[in-house]
Amino acid sequence: MSYNNSHDRCSNLEEQQDSEFTQIIDMSVSRRTFLTGMGALGLGAFVATTPLAQSVHAAMNSKVQSSLIGFNPIVASTADTVVVPEGYKVTNLISWGDPLFESAPEFDPSGNAPASSQAQQFGDNTDGMSLFAVDDDRAVLAVNNEYTNNDLLYHHQGENMTADDVLKAQNAHGVSVFEIKKTAAGWKVDRSGKLNRRITANTPMKLTGPAAGHDLLKTAADSSGTEVLGTFNNCANGETPWGTYLTCEENFHNYFGTEDGFYEVSERQKRYGINTTDKRYQWSKFDERFDLSKNPNEPNRHGWVVEIDPMDPDSAPLKRTALGRFKHENAALMIDNSGHVVVYLGDDERGEHLYKFVSKGKFNATSGTANRDLLAEGTLYVAKFEAAEGELKGRGKWIELSFGKNGLTPENGFNSQAEVLIYTRQAATQVGATTMDRPEWVAVHPNKLSVCCTLTNNKNRGKKENQPVGGPNPRAENRYGQIVRWSPVNGDHTAHEFSWDLFVIAGNPSVHREGLLAGSSNITTENMFNSPDGLGFDKDGRLWIMTDGQYSNKDGFAGMGNNQMLCGDPETGEIHRFLVGPIACEVTGLAFSPDQRTMFVGIQHPGEKGQPSHFPGGGESKPRSTIVMITREDGGIIGA
Ligand code: FEO
Ligand code: CA
Ligand code: CA
């Protein structure tokens, strides 16, 4: 989910009402060419990803061929409910405003509840989440609460803001950490859990790594440049094998502003979308930390990946500056065969980039504490994709973002590694990184041989000079999105080279008979979707795809229905629809119980922008972001 000025979910409704769906048909690469191209993927020393089979398209129209996927795919839906396959059921776990502590008040739908209530309740707009098992029957769930909706949060819908209203919104942001326990009736929230915690936009945390303490991170309240309050616009997530949670700060720019007419936003800040108007959240009017003229460096203290220990509710979250500052989507962390920690990271904005962090130290499987600072120090890289014209596969390079290398020098405006990290976007431009169609989630296959990233959409592709059509971004004014997949050379994730292809190009074959707008060969009238966003592999290698797209079900989006979740088989290329969400929601956030028999899925912002949803309560109730649990009636593994 995003609410920024250059790529925003706010604009989705406007785009849906725009009957003139731009039918740019780039016929230079047809569906047939795509198939042939994939089949011809021969990469020498590279570990080749599995080519999509020519037979997939025909098979897709009949039945599931994949041995990984065992459910009966469902049809598109526009109903105000969560739809799942036959033999599956849906149970609600927790909704925005539900108590997280025994002493917490129940949700008050009036919009009049004070900030103090929200501080003890589940935050709004559930997004990325991770499950940390304690034992077979207990676990801790760490969940991002990305943003707030004024029309739902306040009885005055944001028209008459007070300081307590701002605090209430700040308390609805951040991360909710809570214990869950398994009962005969399934998993339940344990309000008495000792690990239950709300991390908000005001929780004390520390800046760590190469940029910590730099002058650009110092403010009136923190002359050290290392002590910061809070995290907000927490999009998706990651987790580490040493038991910590990673929360990613995405559209942090929207929370800053000033009424000082003389304040000028620097060019460097403009690249991050910082501007003086703060009409939506209005934090800067009531909390001077967010007033740019009073605290011009405060935005530099946000836009990081934050590491949280879910097992220690007193621990200070740690902002990891070594992983760069941008609009972080998620953090896909894996341990390379060499022992180095590798984290793949997307920067979700039109024409921004895809990154990789490699830790300096190595993971020690026998010592949890020795691993705790592995994300403090390492090397950041940005991706440059290469392809012959019209090819939907190719090679690529990871370009190092280290001070003194690749033009990251004082002559080009970079005076230290801290500056390279604080202005990561400018560093990526300096080294010639590929501008992407909004990199959202990244997911690493459990066999470690391939990595996928959702490129959700990009209406600027082909319209802006720095965003030419080609390579992994093959369509002008891309409204449907695609998933790029790469394999590191020789299976080495610390290597500087990779090969890539596209796992899927989303499209609408019922509206567009041919060409890339019809989608790749593994898209049919039965599984079509747009704007892939959330992404995750389960332990068996099923690829779960969640969407945050146009739900008008009209024009170029006819037949796609509400936002949904699909399941892909990376071997065969098949994709089948598994779940459809309620009206005007985004499906985002995915976790599994250790036995893979319960899937936790985030249903974010049902009924956004006044759309007619009453999920999950039904009747005339206020729509509420909710985590649902998917189980099988026969108790089996989800998806199998
Ligand atoms: Fe929070 Fe890019 O989605
Ligand atoms: Ca997202
Ligand atoms: Ca999105």
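Everything discussed here concerns the structure shown above.
Residues numbered from 1 in each chain as written. Chains lettered and ligands numbered in written order. Predicted model: local features only at pLDDT ≥ 70, side-chain atom pairs only at ≥ 80, totals over all residues. Heavy atoms only, no water.

Asks: Help me understand the overall build of the protein chain in this model?
Replies: Looking only at helices and strands, one finds 10 helices and 28 strands in the protein chain. What you see for the protein chain is a C-alpha radius of gyration of 23 Å, in line with the 26 Å of a compact globule of 640 residues. Expressed along its principal axes, the backbone C-alpha trace of the protein chain runs to roughly 65 × 60 × 55 Å. The buried share among the 640 residues of the protein chain stands at 64%. Long-range contacts, defined as pairs at least 24 residues apart, comprise 66% of the intrachain contacts of the protein chain with a sequence gap of at least 6. Working note: accessible area of the protein chain is about 21,800 Å², and carbon and sulfur atoms make up 48% of it. (Helix = DSSP H or I, 4+ residues; strand = E, 2+ residues; numbered from the N terminus. Rg over C-alpha atoms; globule rule 2.2 N^0.38 Å. Buried < 20%, exposed > 50% of the residue type's maximum accessible area, 1.4 Å probe, protein only. Contact = heavy atoms within 4.5 Å. Areas by Shrake-Rupley, 256 points an atom, 1.4 Å probe, with all protein chains shown as cover.)

Asks: Just checking my understanding: could you explain the coordination of the calcium ion (ligand 3) for this structure?
Replies: Octahedral metals with six donors have ideal donor angles of 90 or 180 degrees. Tetrahedral metals with four donors have an ideal donor angle of 109.5 degrees. The calcium ion (ligand 3) binds to the protein through E440 (OE), D533 (OD) and D548 (OD); the donor distances cover 2.3 to 2.4 Å. For the calcium ion (ligand 3), the donor residues sit on a single chain with the sequence spacing E-x92-D-x14-D. Between the two metal centres, the calcium ion (ligand 3) and the calcium ion (ligand 2), the spacing is 3.9 Å, with E440 acting as a shared donor. Taken together, the residues span a long stretch of sequence, with D533 in strand β22 (residues 532–537) and D548 in the loop between β23 (543–547) and β24 (564–568) at a distance of 15 residues. Assessed through its relative accessible area of 0%, D533 is described here as buried. Residue D548 is classed as buried on the basis of its relative accessible area, which comes to 4%. (Donors = N, O, S within 2.8 Å, 3.2 Å for Na, K, Ca; no water.)

Asks: Please explain the coordination of the calcium ion (ligand 2) as it appears in this structure.
Replies: Donor atoms from the polypeptide that bind the calcium ion (ligand 2) are E329 (OE), E440 (OE), D533 (OD) and D533 (OD), placed at 2.3 to 2.9 Å. Counting the intervening residues between successive donors of the calcium ion (ligand 2) yields the motif E-x110-E-x92-D.

Asks: When you look at the nonpolar core in this model, what are you seeing that I'm missing?
Replies: One broad trend across soluble globular proteins is that nonpolar side chains are buried collectively. Membership of the largest hydrophobic core comes to 71 residues, with the highest contact counts inside it found for W283, V343, L345, L375 and L401. Considering every element that reaches this core, the biggest residue donor is helix α9 (residues 417–422), with four residues. In this view, W283 contacts V166, A169, Q170, H173, A201, F232, Y255, D278 and F290; residues no more than four positions away in its chain are not counted. Membership of the second largest hydrophobic core comes to 45 residues, among which are A506, L590, V601 and V628. (Core = buried A, V, L, I, M, F, W, Y, C linked by side-chain atoms within 4.5 Å.)

Asks: Whenever I open this one, the packing of aromatic side chains confuses me. Can you help?
Replies: Inspection of the entire model under this criterion finds 28 aromatic pairs. Centre to centre, the rings of Y344 and W486 are 5.5 Å apart; their planes meet at 65°, and the pair counts as edge-to-face. Linking Y344 in strand β14 (residues 340–347) with W486 in strand β20 (residues 482–488), this pair joins segments that are 142 residues apart in sequence. W486 matches Y344 in its accessibility class, with the two residues each being buried. Where F385 meets F498, the ring centres are 5.2 Å apart and the plane angle is 75°; that geometry is what we call edge-to-face. (Phe/Tyr/Trp six-rings, centres within 6.5 Å; stacked < 30°, edge-to-face > 60°.)

Asks: Sorry if this is basic, but what is going on with the sheet that holds β23 here?
Replies: Whenever strands of a sheet pair, they do so through backbone hydrogen bonds, lying parallel or antiparallel. Read across the sheet, four strands follow the order β22-β23-β24-β25 without closing on themselves; strand pairing throughout is antiparallel. Each having just a single partner strand, β22 and β25 (575–580) make up the two edges of the open sheet. Each neighbouring strand pair of the sheet contributes to a mean axis angle of 25°, computed without reference to strand direction. Sheet topology note: the β22/β23 ladder contains four bridges and is antiparallel. For G536, the partnering residue across the bridge sits in β23 and is W544. (Pairing = 2+ DSSP bridges. Axes fitted to C-alpha atoms, helices over the stretch in contact; angles between N-to-C directions.)

Asks: Where do I start with the side chain of E349 in this structure?
Replies: Tracing the backbone shows E349 in the loop between β14 and β15 (354–362). Here the side chain of E349 touches K327 through a polar contact of 2.8 Å, side chain to side chain. (Polar contact = N/O pair within 3.5 Å; in protein donor to acceptor, adjacent residues only side chain to side chain.)

Asks: Help me understand unusual backbone geometry, please; the structure alone is not making it clear to me.
Replies: Phi is mostly negative for residues that are not glycine, and the peptide bonds are mostly trans. Between F615 and P616 the backbone carries a cis peptide bond, its omega angle lying at 5°. Located in the positive-phi region is Q157, a residue other than glycine, with phi close to 55°. Counting through the fold element by element, Q157 comes out in the loop between α5 (150–153) and α6 (163–172). The backbone of H605 shows a phi angle near 40°, a positive value even though the residue is not glycine. Mapped onto the elements, H605 comes out in the loop between β27 (599–604) and β28 (626–632). Residue H605 is classed as buried on the basis of its relative accessible area of 1%.

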